[in-house]
Amino acid sequence: MKKFKFLKTFDALFRIFIIFLACFVWCRYFIENLWISLVVTVIITLFIDFGLNFIKSKKQKKKNIFEEENTKIQQYINTFIFSEPSYNVDFFYDLAKTKHQAQKKSEYIEIINSSKKIILYPCFLYRDLNTDDLVHIYNKTKKDTPQRLIICTNTLDNNAEKLAEKLPIEIYILDGNQTYEKLLNKYNHFPCQTKLKNENKVKFKDLLSYALNKKRTKGYLIASVILLISSVFVSFKIYYLIMSSLLLILALVSFSNPKYNKIKNIELLELN
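To start, this report covers the structure provided alongside it.

Rules behind the numbers
Residues numbered from 1 in each chain as written. Predicted model: local features only at pLDDT ≥ 70, side-chain atom pairs only at ≥ 80, totals over all residues. Heavy atoms only, no water. Helix = DSSP H or I, 4+ residues; strand = E, 2+ residues; numbered from the N terminus. Buried < 20%, exposed > 50% of the residue type's maximum accessible area, 1.4 Å probe, protein only. Pairing = 2+ DSSP bridges. Phe/Tyr/Trp six-rings, centres within 6.5 Å; stacked < 30°, edge-to-face > 60°. 1 Å grid on protein atoms, 1.4 Å probe; cavity = no way out; pocket = protein on both sides within 12 Å on 5 of 7 lines; lining within 4 Å. Points joined across faces, edges and corners; volume = space filled by probe spheres on them. Nonpolar A, V, L, I, M, F, W, Y, C, P; charged D, E, K, R; others polar.

**Re the environment of Leu-21**
Turning to step 1, where the next piece is worked out: With respect to the secondary-structure elements, Leu-21 resides in helix α1 (residues 2-30).
Turning to step 2, where the next piece is worked out: Taking relative accessible area as the criterion, Leu-21 reaches 37% and is therefore assigned partly exposed.
Turning to step 3, where the next piece is worked out: Residues Leu-21 and Val-42, spaced 21 residues apart in sequence, show a C-alpha to C-alpha distance of 10.0 Å.

Dropping the structure here:
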């Protein structure tokens, strides 16, 4: 934490120093008196730095809001992905009936709007919605002769989007962001948020664990032998011998070091 603060302070001082130098060159050019030019330079430097910090903070604030919004949307979509289809149908039925005449079917919702029928079909998958999914949905719903078919999903591929344009009814496929903007947010109706575990950042000990694992021994040994044999046929063989020796040491360490070759014994049907 202290190191992070030190780096931020150093960056700020370095930025101010660069601005000061740039301003001082021009102030000294137009103002003959050294002290006056220094004072004017300091004032201009502080003004520019304040302006840059203001712009930066505004951008950072917008970025944070955007990231928070995206995280929230993804958590809503996670709820749909990891829920039973019946839950999703119930949710979108409750959403639709807040403003429309709606009827719930087993896999989708029918909405009657000015004597025209609209079908709302939630289809959230842990992959892109593809052409096979679209064909399945179309075949399921065409018997009800809707004028419009709205499919809510998380992501879709281009082929599904192109196929939707060729089908004889009006089809809208909403991805996760569009589902949030056009339905959840518009109707002020939201599911609970489902958070997934964050990916752990790769640390230096993780790299060591990978590099010095017993599985890498064979590769190090083969590479060492190849370099050792190659040293016989080249002029500057010292480099080959050094690398061969290093690889041989890595092979020995990875084979014999217990720290990076621990076997986890887990009793699957028992909890500690």
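Alright, that's what it looks like, and here's the rest.
**A closer look at the pairing of strand β3 (residues 116-122)**
Turning to step 1, where the next piece is worked out: With five of its seven residues buried, β3 lies for the most part within the structure.
Turning to step 2, where the next piece is worked out: As paired elements, strand β2 (residues 109-113) and β3 share five bridges and run antiparallel to each other. Looking across to β3, one finds that Ile-111 is bridged to Ile-118.
Turning to step 3, where the next piece is worked out: Once β2 ends, the chain turns through two residues before running back antiparallel as β3, passing Ser-114 with a positive phi of about 55°.
Turning to step 4, where the next piece is worked out: Note that β3 and strand β4 (residues 148-152) share five bridges and pair parallel.

**Some thoughts on the packing of aromatic side chains**
Here the distance between the centres and the angle between the planes together describe a pair of aromatic rings.
Turning to step 1, where the next piece is worked out: For the structure shown, the criterion picks out twelve aromatic pairs.
Turning to step 2, where the next piece is worked out: Between the aromatic rings of Tyr-76 and Tyr-180, the centroid separation amounts to 6.1 Å while the plane-to-plane angle is 15°, which identifies the pairing as stacked. Taken together, the residues Tyr-76 in helix α2 (residues 34-81) and Tyr-180 in helix α6 (residues 176-184) connect sequence positions 104 residues apart.
Turning to step 3, where the next piece is worked out: What makes Tyr-76 buried here is its relative accessible area of 8%.
Turning to step 4, where the next piece is worked out: The class for Tyr-180 is buried, based on a relative accessible area of 5%.
Turning to step 5, where the next piece is worked out: A connected cluster of aromatic rings, assembled from ring pairs, spans Phe-80, Phe-91, Phe-92 and Phe-124.

**Topic: the layout of surface pockets**
Turning to step 1, where the next piece is worked out: Reported here for the largest pocket is a volume of approximately 360 Å³.
Turning to step 2, where the next piece is worked out: The wall of the largest pocket is formed by 15 residues, among which Arg-148, Ile-150, Lys-182, Leu-183 and Tyr-187 lie closest to the centre.
Turning to step 3, where the next piece is worked out: Elements with a contribution of two residues or more to the lining of the largest pocket: α3 (85-96), β2, β3, β4, β5 (170-174) and α6.
Turning to step 4, where the next piece is worked out: Looking at the lining of the largest pocket residue by residue, the class counts come to ten nonpolar, two polar and three charged.
Turning to step 5, where the next piece is worked out: In this structure, the second largest pocket encloses a volume near 230 Å³.

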